[in-house]
Amino acid sequence: MRPTPPPTIQPLTPDFEAPHFRQALSRFATGVTVITTFAPDAQKGDTASSSFVGITASSFNSVSLTPPLVLWSLGHRASSLPLFHAGTHYVVNVLAADQLDLCQRFASGQGDRFAQTDHTLGQAGLPILRGALAWFECHNRSRYEEGDHVIFVGEVERCGFADEGQPLVFQQGQFSTTQKLP
């Protein structure tokens, strides 16, 4: 006997307002990252750090182990969107609990965020932040426009991680870290 296919159900109109949705989403704890890429229009004579751009993002997730894929998203209104959209590579730096200052510096969008930021350059020539719990050097494989954001899927070419440390976590508008359950 063949199974009967389920009936086709049309999507329903949401029955809540955006603030309610935002509050529900805030209950999901996320890690915090700083994503870095090139800023190719930097003026000649600027400091080396001004040739990069970095943003704080909590919308990071794994997609696949084979091939190694990760994703993150960026709002359409972000001034750095054209740089990430056009760039071939970026680095996702997973922040440690003691890197709240970096999180806030890269979230502010003001000044040269790399001037006081200790970093090394990965094989693609992009900043890997010292002290990050993990980092993923990615090829900008694909981009998908959905709602008010662009979803970036990166193919991980290189990665690394710290042997110790607590993650920086964001939930309900506050930063914290994790504690192991007994």
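Structural notes on the packing of aromatic side chains
For step 1, the next point in the chain: For the structure on display, the rule yields 10 aromatic pairs.
For step 2, the next point in the chain: Judged by centre distance (4.6 Å) and plane angle (10°), the ring pair of Trp72 and Phe152 falls under stacked. Here Trp72, found in strand E5 (residues 69–75), pairs with Phe152, found in strand E10 (residues 149–161); they are 80 residues apart in sequence, far enough to count as distant. The same class applies to Trp72 and to Phe152, which are both buried.

With respect to the sheet that holds E10
Strand pairing in a sheet relies on backbone hydrogen bonds. The paired strands run either parallel or antiparallel.
For step 1, the next point in the chain: Across the sheet, which stays open at both edges, the seven strands sit in the order E3-E2-E6-E9-E10-E5-E4 with antiparallel pairing between neighbours. Since the sheet does not close on itself, it has two edges, and those belong to strand E3 (52–57) and strand E4 (60–64), each with one partner. The sheet shows a mean angle of 35° between the axes of neighbouring strands, direction not considered.
For step 2, the next point in the chain: When E5 meets E10, the two strands line up antiparallel, connected through seven bridges. Bridge pairing in E10 links Leu71 to Val153.
For step 3, the next point in the chain: With respect to the sheet, helix H3 (residues 100–108) is in contact with strand E2 (33–38) and E3, its orientation differing from that of E3 by roughly 115°.

Some details on the nonpolar core
For step 1, the next point in the chain: Formed by 21 residues in total, the largest nonpolar core has its most connected members in Ile35, Trp72, Leu74, Phe84, Tyr90, Phe136 and Phe152.
For step 2, the next point in the chain: Elements supplying a minimum of two residues to this core: E3, E5, helix H2 (81–86), strand E6 (89–94), strand E9 (134–146) and E10.
For step 3, the next point in the chain: Discounting residues that sit within four places of it in the chain, Phe84 has contacts with Ile35, Thr36, Thr37, Val53, Ile55, Trp72, Leu74, Tyr90, Asn140 and Phe152.
For step 4, the next point in the chain: In this structure, Val34, Leu95, Leu102 and Ile128 belong to the second largest nonpolar core, which totals 13 residues.

Quick word on the pairing of E9
For step 1, the next point in the chain: Pairing geometry for E6 and E9, over six bridges, is antiparallel. Of the residues in E9, the one forming a bridge with His89 is His139.
For step 2, the next point in the chain: Once E9 ends, the chain turns through two residues before running back antiparallel as E10, passing Gly147 with a positive phi of about 55°.

Looking at unusual backbone geometry
For step 1, the next point in the chain: Residue Pro67 is reached from Thr66 by a cis peptide bond, and omega for that bond is 0°.
For step 2, the next point in the chain: Secondary-structure assignment places Pro67 in the loop between E4 and E5.
For step 3, the next point in the chain: At Gln172, a residue that is not glycine, the phi angle is positive and equals roughly 50°.
For step 4, the next point in the chain: Mapped onto the secondary structure, Gln172 falls in the loop between strand E11 (169–171) and strand E12 (174–176).

Let's talk about the environment of Leu126
For step 1, the next point in the chain: Secondary-structure assignment places Leu126 in the loop between strand E7 (119–121) and strand E8 (127–129).
For step 2, the next point in the chain: Exposure remark for Leu126: the relative accessible area of 0% places this residue in the buried category.
For step 3, the next point in the chain: Sequence-wise, Leu126 and Thr36 are 90 residues apart; in three dimensions their C-alpha atoms are separated by 6.8 Å.

Some details on a nonpolar patch on the surface
For step 1, the next point in the chain: The grouping of Phe16, Phe21 and Leu25 at the surface amounts to a nonpolar patch, some 290 Å² of accessible area in total.
For step 2, the next point in the chain: When you line up the elements, Phe16 lands in the segment before helix H1 (18–26).

Remarks on the pattern of salt bridges
For step 1, the next point in the chain: Throughout the structure, instances matching the rule amount to five salt bridges.
For step 2, the next point in the chain: Salt-bridge contacts for Arg105 lead to Asp101; the nearest nitrogen and oxygen are separated by 3.7 Å. With Arg105 and Asp101 both in helix H3 and four residues apart, this pair spans about one turn of that helix.
For step 3, the next point in the chain: Owing to a relative accessible area of 44%, Asp101 belongs among the partly exposed residues under this scheme.
For step 4, the next point in the chain: Residue Glu155 pairs with Arg141 through a salt bridge whose shortest N-O separation is 3.0 Å. Here Glu155 is found in strand E10, whereas its partner Arg141 is found in strand E9, with 14 residues between them in sequence.
For step 5, the next point in the chain: Residue Glu155 is classed as partly exposed on the basis of its relative accessible area, which comes to 27%.

Calculation criteria
Residues numbered from 1 in each chain as written. Predicted model: local features only at pLDDT ≥ 70, side-chain atom pairs only at ≥ 80, totals over all residues. Heavy atoms only, no water. Phe/Tyr/Trp six-rings, centres within 6.5 Å; stacked < 30°, edge-to-face > 60°. Helix = DSSP H or I, 4+ residues; strand = E, 2+ residues; numbered from the N terminus. Buried < 20%, exposed > 50% of the residue type's maximum accessible area, 1.4 Å probe, protein only. Pairing = 2+ DSSP bridges. Axes fitted to C-alpha atoms, helices over the stretch in contact; angles between N-to-C directions. Contact = heavy atoms within 4.5 Å. Core = buried A, V, L, I, M, F, W, Y, C linked by side-chain atoms within 4.5 Å. Patch = residues over 30% accessible without salt bridge, like charges linked within 9 Å, V, L, I, M, F, W, Y side chains within 5 Å. Areas by Shrake-Rupley, 256 points an atom, 1.4 Å probe, with all protein chains shown as cover. Salt bridge = Lys/Arg side-chain N within 4 Å of Asp/Glu carboxyl O.

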